[in-house]
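Residue-level structural notes
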Amino acid sequence: MMNQSIAYLDMQAYVGITKHIGGRAATDQLLAWCHVENARAVLCVGCGIGVSTAHIAKKYDCHVVGVDISDKMIAWARERARREGVESKIEFRTADIQDLPFETDRFDAVIVESVVAFVPDKARAIRECVRVTQPGSYVGLNESFLTQALPPELTEMLGRTLGGIELPRLETWQALWADSGLQDCGLQTYAIDARQEVRDRIQWIGVRWSLEAFARLFQLYLTSPEARASIREQYGSTANVLDKLEYVLLTGKKCA
Ligand SMILES: C[S@@+](CC[C@H](N)C(=O)[O-])C[C@H]1O[C@@H](n2cnc3c(N)ncnc32)[C@H](O)[C@@H]1O
């Protein structure tokens, strides 16, 4: 599949696992703060394998649109919607958050979970989410931030596996949100319980899906020396990074 070190999101796309910190509880909080119960059309940007898109389609009486920059992620998200029996309520497209292929004011809620942190032009990504939101409706982000500096070797490894992107500090999110032009802005931070994160994710994704993903990861580990090195490096350092991460829920209403 790839012949050098494997980037973090490429590995997730291959294996069929994505996550955001805070799990289903954080998603439900974000959906409530964005008043998704009143929405007819909801956009999920950077939907990954489609866990939240399927969740929204099952929980609410609305049409859901899921977009992701990766075709592989979109394929997983379609498969998940099919398995959950909600494919008729969700439309998927490959798209970049920095250039969304939708008309202005189209959606009643825009939900973004653990995506903007990976995007080079964060202000443009947020502007695009606001643009496609209907006036009077909400944009909601769940994004992580570093609470302290990482050791140089971890910073170097993350820079490599995240394609030169640095994980933001809280001040970055505060400044971006202050410049978003949204009103009624909410910003709430949460600490992480790493073990709880893993348990929640397996529970939400489902044991069968998790085992299938683990089997793909294991096969990759066995068959590709490059993948083996990347898996060791990325999974070996996860605990050290999680230790210094928290997440923030950001919500705001587009001016009517
Ligand atoms: C950490 S995953 C989170 C996925 C999903 N929101 C979840 O919570 O499971 C980040 C996702 O953002 C997508 N992504 C990264 N850059 C993007 C961009 N510029 N536009 C749209 N999606 C992007 C990745 O392909 C990946 O699926």
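Look a little higher up for the structure.
Because the structure is a prediction, the values reported are computed rather than measured.

So, the packing of helix α6 (residues 152-161) against helix α10 (residues 225-242)
Packing of α6 against α10 brings their axes to within 11 Å, and their N-to-C directions diverge by 125°. For the element pair α6 / α10, the angle class is oblique. When the axes of α6 and α10 are compared, the crossing they make is left-handed. Residue-level inspection shows L154, M157 and T161 of α6 in contact with α10, the latter providing E233, Q234, S237, N240 and V241.

Thoughts on the sheet that holds strand β3 (residues 90-94)
Read from one edge of the open sheet, 7 strands run β3-β2-β1-β4-β5-β7-β6, paired in mixed fashion. Each edge of the sheet is formed by a strand with only one pairing partner; in this case those strands are β3 and β6 (183-190). Pairwise comparison of adjacent strand axes, ignoring direction, gives a mean angle of 15° for this sheet. Here strand β1 (residues 41-45) runs beside strand β4 (residues 107-113); their pairing, made up of 4 bridges, is parallel. For C44, the partnering residue across the bridge sits in β4 and is I111.

Focus: the environment of A213
When you line up the elements, A213 lands in helix α9 (residues 207-223). Along the primary structure A213 and Q12 are separated by 201 residues, whereas in three dimensions their C-alpha atoms are 9.3 Å apart.

Structural notes on the site of the ligand
Near the ligand, the surroundings consist of 21 residues, among which T18, H20, G46, G48 and I69 are the closest. Its residues assigned to classes, the shell around the ligand shows 9 nonpolar, 8 polar and 4 charged.

A look at the nonpolar core
V42, V45, A109, V110 and I111 are the most contacted members of the largest nonpolar core, which totals 61 residues. The residues contacting A109, other than those within four sequence positions of it, are C34, H35, V36, A39, V42, S137 and Y138.

Some details on helix α5 (residues 122-131)
For α5, every residue scored as buried is listed here: K122, A125, I126, E128 and C129. Buried residues in α5, looked at end-on, bunch into an arc of 155°, giving them a common side. In the core, the buried residues of α5 are packed alongside β1, β4, β5 (133-146) and α7 (170-178).

Cut-offs and rules
- Residues numbered from 1 in each chain as written.
- Predicted model: local features only at pLDDT ≥ 70, side-chain atom pairs only at ≥ 80, totals over all residues.
- Axes fitted to C-alpha atoms, helices over the stretch in contact; angles between N-to-C directions.
- Helix = DSSP H or I, 4+ residues; strand = E, 2+ residues; numbered from the N terminus.
- Parallel < 35°, antiparallel > 145°, perpendicular 65-115°, else oblique.
- Left-handed = near helix turned anticlockwise from the far one by under 90°.
- Contact = placed C-beta atoms within 7 Å.
- Pairing = 2+ DSSP bridges.
- Near = placed C-beta within 6 Å.
- Nonpolar A, V, L, I, M, F, W, Y, C, P; charged D, E, K, R; others polar.
- Core = buried A, V, L, I, M, F, W, Y, C linked by C-beta atoms within 7 Å.
- Buried ≥ 20, exposed ≤ 12 C-beta atoms within 10 Å, placed from the backbone.
- Arc of directions from axis to C-beta.

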